[in-house]
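Report on the structure
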Amino acid sequence: MAIQAVGRNIKYSAVNYIAVNLLKFIVRMVFVKTLPIEYLGINGLFTNVLAMLSLAELGIGPAIVYSLYKPLAYGDKESVKSIMRLFKKVYITVGGIILVLGLALFPFLDSFIKDGQSVPQVHYFYLVFLLNTVVSYLWTYKRSLLIADQKQYVVNIYQASVQVLVAVLQIIFLLIFKDYWCFVILMLLGTVLENFSIARRADKEYPYLNTAAEVLDLDIKQQIIKNTKAMICHKIGGMVVFSSSNLVLSKFAGLAAVGLYSNYYMVIAALNTFAAKFFESITASIGNLMVLEESCKKIKVFKITKFITALQASICFCGLYVLFNPFVELWVGKAYLFSEAVVAAMAFSFYLTYMRKAVLMFRDACGLYWNDRYKPLAESVINLTASIYLTIHYGVIGVVIGGIISTLLTCFWVEPYVLFNNGIDIKLKEYFINYLKFAVVALLSATVSKFVYNSLFAKVTLVNFVVGIFICISITLVLWYAVFKNREETQYLMRFIISKIKS
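What comes next is a walk through the structure. Not measured: the values here are computed from a predicted model.

Let us look at empty space enclosed by the protein. The tally for this structure, following the rule as stated, stands at two cavities of 30 Å³ or more. Lining the second largest cavity are Met355, Arg356, Val359, Cys411, Phe412, Glu415, Pro416, Tyr431 and Tyr435. Of all the elements in the fold, those that place two or more residues in the lining of the second largest cavity are helix H16 (396–422) and helix H17 (428–456). When its residues are assigned to classes, the lining of the second largest cavity shows seven nonpolar, no polar and two charged.

This brings us to the packing of aromatic side chains. With the rule as written, the count across this model stands at 38 aromatic pairs. An angle of 40° between the planes, with centres 6.3 Å apart, marks the rings of Phe106 and Tyr126 as tilted. Taken together, the residues span a long stretch of sequence, with Phe106 in the loop between helix H4 (77–105) and helix H5 (122–136) and Tyr126 in helix H5 at a distance of 20 residues. Judged by relative accessible area, which is 25%, Phe106 ranks as partly exposed. Ring geometry for Phe307 against Phe438: centres 5.9 Å apart, planes inclined by 70°, an arrangement best described as edge-to-face. Of this pair, Phe307 sits in helix H12 (residues 295–331) while Phe438 sits in helix H17; the two residues are 131 residues apart in sequence, bridging distant segments of the chain. Across the pair, Phe438 and Phe307 agree in class, each one buried.

The next thing to look at is the state of the cysteines. Cysteine pairs can be linked by a disulfide, which is a covalent bond between their two sulfur atoms. Considering all chains together, one arrives at zero disulfides under this definition. For the unlinked cysteine Cys318, the closest cysteine sulfur is that of Cys472, found at 3.7 Å. Judged by relative accessible area, Cys318 falls into the buried class, the value being 0%.

As a further point, take helix H6 (residues 140–148). In terms of burial, H6 is largely enclosed, as eight of its nine residues are buried. Among the residues making up H6, those that are buried are Thr140, Tyr141, Lys142, Arg143, Ser144, Leu145, Leu146 and Ala148.

Below, the discussion takes up the nonpolar core. Judged by nonpolar contacts, the single largest core of 140 residues is most densely connected at Phe46, Tyr180, Phe324, Met346 and Leu419. Ignoring sequence-local partners within four residues, the contact set of Phe324 consists of Tyr264, Val267, Ile268, Gly319, Val343 and Met346.

Glancing now at the layout of surface pockets. In this model, the second largest pocket occupies a volume close to 890 Å³. Every residue lining the second largest pocket is counted, 29 residues in all, and those nearest its centre are Val267, Leu271, Phe327, Phe465 and Ile469. Elements supplying a minimum of two residues to the lining of the second largest pocket: helix H1 (3–34), helix H11 (255–292), H12 and helix H18 (462–484). Here the lining of the second largest pocket is built from residues that sort into 26 nonpolar, three polar and no charged.

The rules we used
Residues numbered from 1 in each chain as written. Predicted model: local features only at pLDDT ≥ 70, side-chain atom pairs only at ≥ 80, totals over all residues. Heavy atoms only, no water. 1 Å grid on protein atoms, 1.4 Å probe; cavity = no way out; pocket = protein on both sides within 12 Å on 5 of 7 lines; lining within 4 Å. Points joined across faces, edges and corners; volume = space filled by probe spheres on them. Helix = DSSP H or I, 4+ residues; strand = E, 2+ residues; numbered from the N terminus. Nonpolar A, V, L, I, M, F, W, Y, C, P; charged D, E, K, R; others polar. Phe/Tyr/Trp six-rings, centres within 6.5 Å; stacked < 30°, edge-to-face > 60°. Buried < 20%, exposed > 50% of the residue type's maximum accessible area, 1.4 Å probe, protein only. Disulfide = S-S within 2.5 Å. Core = buried A, V, L, I, M, F, W, Y, C linked by side-chain atoms within 4.5 Å. Contact = heavy atoms within 4.5 Å.

Pasting the structure below:
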């Protein structure tokens, strides 16, 4: 595994994450101050609807990316060209299918909105969102090649540059014109510019892509087909679990509830984006590791990765549990707050999801999509059934609890079971014992931090919030070190940090 590539990718991912998400929060703050909350609901609703239409991609992308790891590791340019030619054909076809499906859905948009609630020109806004999704498929396959080749940092540079520009322009136009059209048109232009720029860079990095490609090797093709069949199940399950919440809320609670939920979800999405950037930065290197290294090295790297993931999850869980409502109050105002019960449920749901990331990254690097192909289908059925029932009876918290129930009954145990039986030789019992230890420390950190924060502060101010961040991080790190100081993973991290400080 190329440590230099990992370090470079993580560094640029961190810079990209901070710059882009800071501006996104400012854009959202300006958005809620200049436009009615129904527009916020429409924004969340259309994002989910089009995520559902992206089911047409059928998970082909991840299956093809996995097939690139081996030829890239061994410098097999001919195989890379053949795979990328297939990738291009597939994604152009997918873009066309999404366009047709999106237009077919156009007459039925009102059925997704409770009691006929609407905003002016809502159908035309939907067309812009649809076009934004379609054009992303024209060049995005070249982005995947850069990522598979451990060059995530290149993608991050272009992504951050374009998204920062778009965010600044959205802020300016919203303040001047107070018009949702400005917001969505700039979103579309940003998508076009970002994907086109990354595609041009990929052409320069891999000039051989523009030469004639051979017929794709039959073994590689069969592997892609097999993984694609499995990814269809994963795609359906992921669509239902992660893209149905706003639809359920819109139908059974109304657009205002979607607007409130989308603010909280934006915070969670920002944390998940950080996680995605971190794991995207090392996934290709893990893929390289799985191709070239022996079993003992794979186990060691997994344990360190899982340990870091658990620490990140604990810090984020503590921060959400203690500071979620104070942050939203400072950001958009008291009128947009949920109850403490909803916030606690969201924090717990986030923790469960974040703790899966190390296992999922190694599963993807091993290409084990086929082995747990039925899991997402079961998860989606449980999630949708529980979410609808609980939302009807208990409101917004029902959507969150529905996700928790489906995760515990499926992903929580199926994903590590599949990985440890087919990819990495680790005992499942050992994994769950460690998981329980990590969870107990996370809960203890959050409880102590909440008590300290509430004892010190009665009001929500920016200074108090910043101190709260310091409290959450400090207490979590102190407890984490006190409990796990003798573990091999802790010693490794301490040596790594000390070496970086010295250098």
